[in-house]
Each structure stands twice: as C-alpha cells, then as structure tokens.
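Below, each chain spelled out in residue letters.
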Amino acid sequence: MEVEREHSEEPLPTTMEEDEAEAIRVAKEPPKIHRLDQSVVNRIAAGEVIQRPVSAVKELVENSLDAHSTSINVVVKDGGLKLIQVSDDGHGIRYEDLPILCERHTTSKLSNFEDLQSIKSMGFRGEALASMTYVGHVTVTTITAGQLHGYRVSYRDGVMEHEPKACAAVKGTQIMDLVRKIRIQLRRMNGTTTFESI
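Residues numbered from 1 in each chain as written. Predicted model: local features only at pLDDT ≥ 70, side-chain atom pairs only at ≥ 80, totals over all residues. Heavy atoms only, no water.

## Here's the deal with the overall build of the chain
Move 1: Secondary structure assignment for the chain yields 5 helices and 7 strands.
Move 2: Tracing the chain from N to C terminus, the helices and strands come up as α-α-α-β-β-α-β-β-β-β-β-α.
Move 3: Residues classed as buried in the chain amount to 36% of the 198 residues present.
Move 4: Summing over all exposed atoms, the chain offers an accessible surface of approximately 13600 Å²; the carbon and sulfur share of this is 54%. (Helix = DSSP H or I, 4+ residues; strand = E, 2+ residues; numbered from the N terminus. Buried < 20%, exposed > 50% of the residue type's maximum accessible area, 1.4 Å probe, protein only. Areas by Shrake-Rupley, 256 points an atom, 1.4 Å probe, with all protein chains shown as cover.)

## Quick word on the pattern of salt bridges
Move 1: Here the structure, examined in full by the defined rule, presents 2 salt bridges.
Move 2: Between Lys58 and Glu62 there is a salt bridge; the shortest N-O distance is 3.1 Å. Here Lys58 and its partner Glu62 are both found in helix α3 (residues 53-66), 4 residues apart, which amounts to about one turn of the helix.
Move 3: On the basis of relative accessibility, which here comes to 45%, the residue Lys58 falls in the partly exposed class.
Move 4: With a closest N to O distance of 3.1 Å, Glu161 and Arg156 form a salt bridge. (Salt bridge = Lys/Arg side-chain N within 4 Å of Asp/Glu carboxyl O.)

## A closer look at the packing of α3 against helix α4 (residues 128-135)
Move 1: Taken N-terminus to C-terminus, the directions of α3 and α4 make an angle of 145°; their axes are 10 Å apart at the nearest point. α4 is crossed by α3, and the crossing has left-handed handedness. Between α3 and α4, the contacting residues are Ala56, Glu59, Leu60 and Asn63 on the first element and Ala128, Leu129 and Met132 on the second.
Move 2: Residues that form the contact of α3 with α4 fall into these classes: 5 nonpolar, 1 polar and 1 charged. (Axes fitted to C-alpha atoms, helices over the stretch in contact; angles between N-to-C directions. Left-handed = near helix turned anticlockwise from the far one by under 90°. Contact = heavy atoms within 4.5 Å. Nonpolar A, V, L, I, M, F, W, Y, C, P; charged D, E, K, R; others polar.)

## Observations concerning the packing of aromatic side chains
Move 1: Counted by the stated rule, this structure contains 1 aromatic pair.
Move 2: Ring centres 4.5 Å apart and planes at 50° place the aromatic pair Tyr95 and Tyr151 in the tilted group. Taken together, the residues span a long stretch of sequence, with Tyr95 in the loop between β2 (83-88) and α4 and Tyr151 in strand β4 (residues 150-156) at a distance of 56 residues.
Move 3: Classification of Tyr95 as partly exposed rests on a relative accessible area of 34%.
Move 4: Judged by its relative accessible area of 18%, Tyr151 falls in the buried class. (Phe/Tyr/Trp six-rings, centres within 6.5 Å; stacked < 30°, edge-to-face > 60°.)

Shown next, in the form of structure tokens:
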C-alpha cells in the first residue's frame, strides 16, 4: 500500500525578509520633496557665514571699518569659542534701527540692486549679525553722536530679546557674542575639532 506523500509548502517569509523587501521597495521610490522649516534654513545659512570663530571676528571688524572707526578693540576667550567682543569708535547704530539690526538681509549699505554698481563698503548682504545670533547670544551696546546715553540690547535667533535699555556708553559700538552652538556646527561641517578655534 503506497502512502501518498504530502507536498511540502514553501516556508513563509520571515519578518526580517519582509522588512528587507519593503526597504528595497521604498528605496526605489523617489524621495519626497518638502520645504525646510525657516529655523532650519536660518541655521544652515548661519553655518555658511560663520564657519568658525575667526569668521565672526572678520565680519565684526569689517562692520567697524564700514562705520568709519579709527580704533577697533578685539577680545576673544578660548579661541573665540566662549567670547568674541569687538568695540569701535565708529558712528554707532540708530536707536530706531535696533529692532531689525539682527534680522537677515537688513543692511544700511544698499537699498536696491543698482546700488551694487557703486558700493564701496566691505559688507552689504546683511547676514553677518543675523548669523551670529543663530550660533551665539549677541549683545550690542551703541551710541550715536549727540546722544546723552547709549543703548544696550540682546539678540537670539535673529530676534531682539527685550527693548533697548539706556546705559552709559563711549562713542561707537560694542558687540559681544557669547558662542553657544558653533562647536556642534564645526564638528558637523568639518568632521573634526581641528579648526574649532581662531
């Protein structure tokens, strides 16, 4: 008497095999395009402008020169990773300009595209101070000619944190940048800590 053999069924795919198959299917599909959040855009832009502490010093010194300063004092701590402070005796910043001082693309150097043909300043894009506020905590102390006192105000992420406060000040502007995020940016951009200081 012959015993009828049972036909063996093919083994069902394991969960791991199913996951791999799904991953391959998804990989073949084009990635979805989406808009980046504005805060992400601003931080990426900041990383392009302020690549390391010396970039911030360069931008601030150029601002001082554009303000017709005859004396510029630079102080840095820990290679610029803890503190960058630039003081000058230039023409200062108008009180009414302080609310938008650290917004991106705000500048006193030009008003329209044609102005680029005759621009003589060292900077004009209006990105330096804004970028610094995305990698650090920026405090500005300034006084203009004819004022009895100066004003001090702090910025973070491109926004003025409080109303300008009256204070004693010498001629010109002092900008203090307490760096808080540049270490992380440098590691991500350079893959090393070699260039983490000035």
